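# Survey of secondary and tertiary structure
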Amino acid sequence: MERVEERLAHYLLQISANQSSITLFMKMKDLALYLGTTPETLSRKLKYLEDHNYIKRTGKHITILDPDVLENI
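Residues numbered from 1 in each chain as written. Predicted model: local features only at pLDDT ≥ 70, side-chain atom pairs only at ≥ 80, totals over all residues. Heavy atoms only, no water.

## Brief notes about the packing of helix H1 (residues 4–16) against helix H2 (residues 28–35)
Viewed as axis vectors pointing N to C, H1 and H2 meet at an angle of 110°, and their least axial separation amounts to 10 Å. Relative to H2, the element H1 lies roughly perpendicular. The two elements H1 and H2 meet at a crossing, and its hand is right-handed. In this structure, H1 uses Arg7, Leu8 and Tyr11 to contact H2, whose residues at the interface are Leu31, Tyr34 and Leu35. When the residues that make up the contact of H1 with H2 are grouped by side-chain class, the tally is five nonpolar, no polar and one charged. (Axes fitted to C-alpha atoms, helices over the stretch in contact; angles between N-to-C directions. Helix = DSSP H or I, 4+ residues; strand = E, 2+ residues; numbered from the N terminus. Parallel < 35°, antiparallel > 145°, perpendicular 65-115°, else oblique. Left-handed = near helix turned anticlockwise from the far one by under 90°. Contact = heavy atoms within 4.5 Å. Nonpolar A, V, L, I, M, F, W, Y, C, P; charged D, E, K, R; others polar.)

## Concerning the environment of Ser21
Tracing the backbone shows Ser21 in strand E1 (residues 21–23). Classification of Ser21 by relative accessible area gives partly exposed; the value is 29%. Along the primary structure Ser21 and Leu46 are separated by 25 residues, whereas in three dimensions their C-alpha atoms are 15 Å apart. Residue contacts for Ser21: discarding those within four places in its chain leaves His61, Ile62 and Thr63. (Buried < 20%, exposed > 50% of the residue type's maximum accessible area, 1.4 Å probe, protein only.)

## Focus on unusual backbone geometry
In this structure, Ala17 is a non-glycine residue whose phi angle is positive, near 50°. With respect to the helices, strands and loops of the structure, Ala17 is situated in the loop between H1 and E1. Given the relative accessible area of 54%, Ala17 is considered exposed. In the Ramachandran plot, Asn53 falls in the positive-phi region, its phi being about 60° despite a non-glycine side chain. Structurally, the position occupied by Asn53 is in the loop between helix H3 (39–51) and strand E2 (55–58).

## Regarding the pattern of salt bridges
Under the counting rule described, the total for this entry stands at five salt bridges. Salt-bridge contacts for Glu5 lead to Arg3; the nearest nitrogen and oxygen are separated by 3.5 Å. Look at Arg3 and you get partly exposed, because its relative accessible area is 43%. A salt bridge links Arg57 to Glu50; the nearest nitrogen and oxygen atoms lie 3.7 Å apart. Under the relative-accessibility criterion, Arg57 is labelled partly exposed at 24%. Taken together, the salt bridges that share partners define one network made up of Arg3, Glu5, Glu6 and Lys45. (Salt bridge = Lys/Arg side-chain N within 4 Å of Asp/Glu carboxyl O.)

In structure tokens:
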């Protein structure tokens, strides 16, 4: 099974459809369940991606800053 950050990165790339920004329409708990993790872990992994400048997050709006890195996580 992939690590949570791998599942999250692939999910973000999948729903972005080659666009640089997306809006998450699922609630965090629903997205966590979809990705097979807890909301707390999902929040930490989003923060990890943001801290490493792979994404920029403003609420439910996410801008993918480095899709190549996300692809290889």
